[in-house]
Structure formats: structure tokens, C-alpha cells
Amino acid sequence: MFYPYPAPAHRCSLRARAAIIATRPQGGPRMRLDTFALVLVAGLGLLWLGVTITGLVAMVPFGLLGLIPIAIVVGLLAAVIRQRLANTEDDYYDKHVDK
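This section reports on the structure supplied with the text.

Section: the overall build of the protein
So, step 1. Helices and strands together make up the secondary structure of the protein, namely four helices and zero strands.
So, step 2. Taken from the N to the C terminus, the helices and strands of the protein come in the order α-α-α-α.
So, step 3. Within the protein, the fraction of its 99 residues that count as buried is 5%.
So, step 4. Here the protein displays about 9,100 Å² of accessible surface, and carbon together with sulfur accounts for 71% of that area.

Considerations on a nonpolar patch on the surface
So, step 1. Where nonpolar side chains cluster on the molecular surface, the patch consists of Met31, Leu33, Phe36, Val39, Leu40, Leu44, Leu47 and Val51 and spans about 850 Å² of accessible area.
So, step 2. Tracing the chain through its elements places Leu47 in helix H2 (residues 33–58).

Focus on unusual backbone geometry
So, step 1. Residue Val60 is joined to Pro61 through a cis peptide bond whose omega torsion reads 0°.
So, step 2. Checked against the element boundaries, Pro61 lands in the loop between H2 and helix H3 (67–86).

Concerning the packing of aromatic side chains
So, step 1. Tallying each qualifying case throughout the model produces one aromatic pair.
So, step 2. A ring pair is formed by Tyr92 and Tyr93, whose centres lie 5.4 Å apart and whose planes are at 80°; its orientation type is edge-to-face.
So, step 3. Residue classification places Tyr92 among the partly exposed positions, given a relative accessible area of 46%.
So, step 4. Residue Tyr93 is classed as partly exposed on the basis of its relative accessible area of 45%.

What counts, and where the lines are drawn
Residues numbered from 1 in each chain as written. Predicted model: local features only at pLDDT ≥ 70, side-chain atom pairs only at ≥ 80, totals over all residues. Heavy atoms only, no water. Helix = DSSP H or I, 4+ residues; strand = E, 2+ residues; numbered from the N terminus. Buried < 20%, exposed > 50% of the residue type's maximum accessible area, 1.4 Å probe, protein only. Areas by Shrake-Rupley, 256 points an atom, 1.4 Å probe, with all protein chains shown as cover. Patch = residues over 30% accessible without salt bridge, like charges linked within 9 Å, V, L, I, M, F, W, Y side chains within 5 Å. Salt bridge = Lys/Arg side-chain N within 4 Å of Asp/Glu carboxyl O. Phe/Tyr/Trp six-rings, centres within 6.5 Å; stacked < 30°, edge-to-face > 60°.

Structure, rendered in C-alpha cells:
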């Protein structure tokens, strides 16, 4: 009986099955859903921040006062991220301590 490629699994040896699996097209790297959501939220946050800053600059001179709290929040966020990236102790516990 003739079977078109690939043959059914019950008609193949283990070596033939491995060859069939190896020739199947593999999808590229896929983004996990939580990573996708984080990228989406960060992108929307940057869009919102850009629109807000544009609106504040358009309302010169009083709109420029609104840039002060935004600059403080962005500066604090940058400091927190910089400290987290430089902290090797947190990296150790993230990798070696069971959750």
C-alpha cells in the first residue's frame, strides 16, 4: 500500500519519524502572551505620554508647568530601573531561590 509523505506513524521506524519531525517547518521564535501584553502597555503608555507632552507644550506658558511632575516621575522611574539592573543580589535570588 502506498502512503504519501509523511507516512503514518505506525508505518515508520523511529529513525524515519525523527527525520520527518526534523523536516517539518518550525515556526520562528514566538512572543509569550505576558511579554506581548507588557510591550503593548508600554507602547500605549509612551503614546499617551507623547500626546500629553504635546498638549502641554501647546498651552505655553502655563502648560509648561505640567512638565515638572512628568519629569519627576520619569526621573524616578529611570532611577528605579537603573538600580534594579545594577543589583546583582536580586539577580541571584531570581535565579536560585525557588518560588
